[in-house]
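Structural description and commentary
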Amino acid sequence: MHSDVSSTVPDWSREYKRPGEWNPGKSLLASIRAYQKYHGSRHLLAPLLRRWAVLRHRFWSAVSGADIPLNSQIEGGLLLPHPNGVVIHPAAQIGPNCLLFQQVTLGTRGGTEAPVLEGHVDVGAGAKLLGGIRVGAHAQIGANAVVLDDVPDHALAIGVPAVVRELSHG
């Protein structure tokens with residue numbers, strides 16, 4: 001477990017794309033960040049820059065196969081190493097320095113309440129987090145887990161439906 005990763009202070013370098021680097025996840029996040037920067041801005045070119053961000057978002061959504069809305073509530077430092085199939089409900093909240101692998105869904109259970117991920121939550125490939133649940137800081141969600149209940153800080157959730165186990169954090 002990476003205890004040196006902060007659950008409160010975003011590490012923006014995790015989202016930084018080096019010039020010439022092919023990284024659809026980081027490019028998609030950059031388009032979302034650009035849109036949010038110019039949404040409601042009084043900058044003279046804000047409408048044009050916002051439209052450009054929307055076009056980039058559409059392109060990178062298609063390339064990456066991810067469904068992450070422009071109005072997503074994502075704090076800094078999110079890692080999407082394989083963004084294919086990632087689906088995030090607009091009401092979901094993602095804290096700083098989280099990690100989402102491919103095919104992850106953060107969604108509702110038919111209502112309007114969506115998951116809240118606190119800081120530095122790692123979510124394994126294919127995991128589904130559904131409903132108004134809270135996943136605590138430094139928690140880990142196993143691959144293909146279906147999480148329907150809260151997960152405390154420093155815990156591991158695995159299985160279908162997910163069972164929570166405490167992790168040692170020493």
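Let us look at the structure shown here. Quick caveat, the model's predicted, so the values are computed rather than measured. (Residues numbered from 1 in each chain as written. Predicted model: local features only at pLDDT ≥ 70, side-chain atom pairs only at ≥ 80, totals over all residues. Heavy atoms only, no water.)

1. Topic: the overall build of the protein
Cut-off, in case you're wondering: Secondary structure follows DSSP: runs of H or I at least 4 residues long count as helices, runs of E at least 2 residues long count as strands, and numbering of each begins at the N terminus. We compute the radius of gyration over the C-alpha atoms and compare it with the globule rule, which gives 2.2 Å times the number of residues raised to the power 0.38. Accessible area is worked out with a 1.4 Å probe on protein chains only. A residue is then buried under 20% of its type maximum, exposed over 50%, and partly exposed in between. The contact rule is simple, with two residues in contact once any of their heavy atoms fall within 4.5 Å. Note on areas: these come from Shrake-Rupley sampling with a 1.4 Å probe, and a residue is covered only by the protein chains present in the view.
A count of helical and extended segments in the protein gives 2 helices and 13 strands. Against the globule reference of 15 Å for 170 residues, the protein gives a C-alpha radius of gyration of 16 Å, in line with a compact fold. Seen through its C-alpha atoms, the protein measures out along the principal axes to roughly 50 × 35 × 30 Å. Residues counted as buried form 47% of the 170 residues belonging to the protein. In the protein, 25% of the contacts between residues at least 6 apart in sequence involve partners at least 24 apart. When the accessible surface of the protein is split by element, carbon and sulfur atoms take 56% of a total near 8800 Å².

2. Quick look at the sheet that holds strand β6 (residues 116-117)
This is how the line gets drawn: Only strands that DSSP links by at least two bridges are regarded as paired with each other.
Spatially, the 4 strands line up as an open sheet ordered β1-β3-β6-β9, and their pairing is parallel. For this open sheet the edge positions go to β1 (73-74) and β9 (134-135), each flanked by a neighbour on one side alone. Across 2 bridges, the pairing between β1 and strand β3 (residues 93-94) is parallel. Across the sheet, the residue bridging to Ile74 is Ile94, located in β3.

Take it as geometry only, folks, not as evidence of what the structure does.
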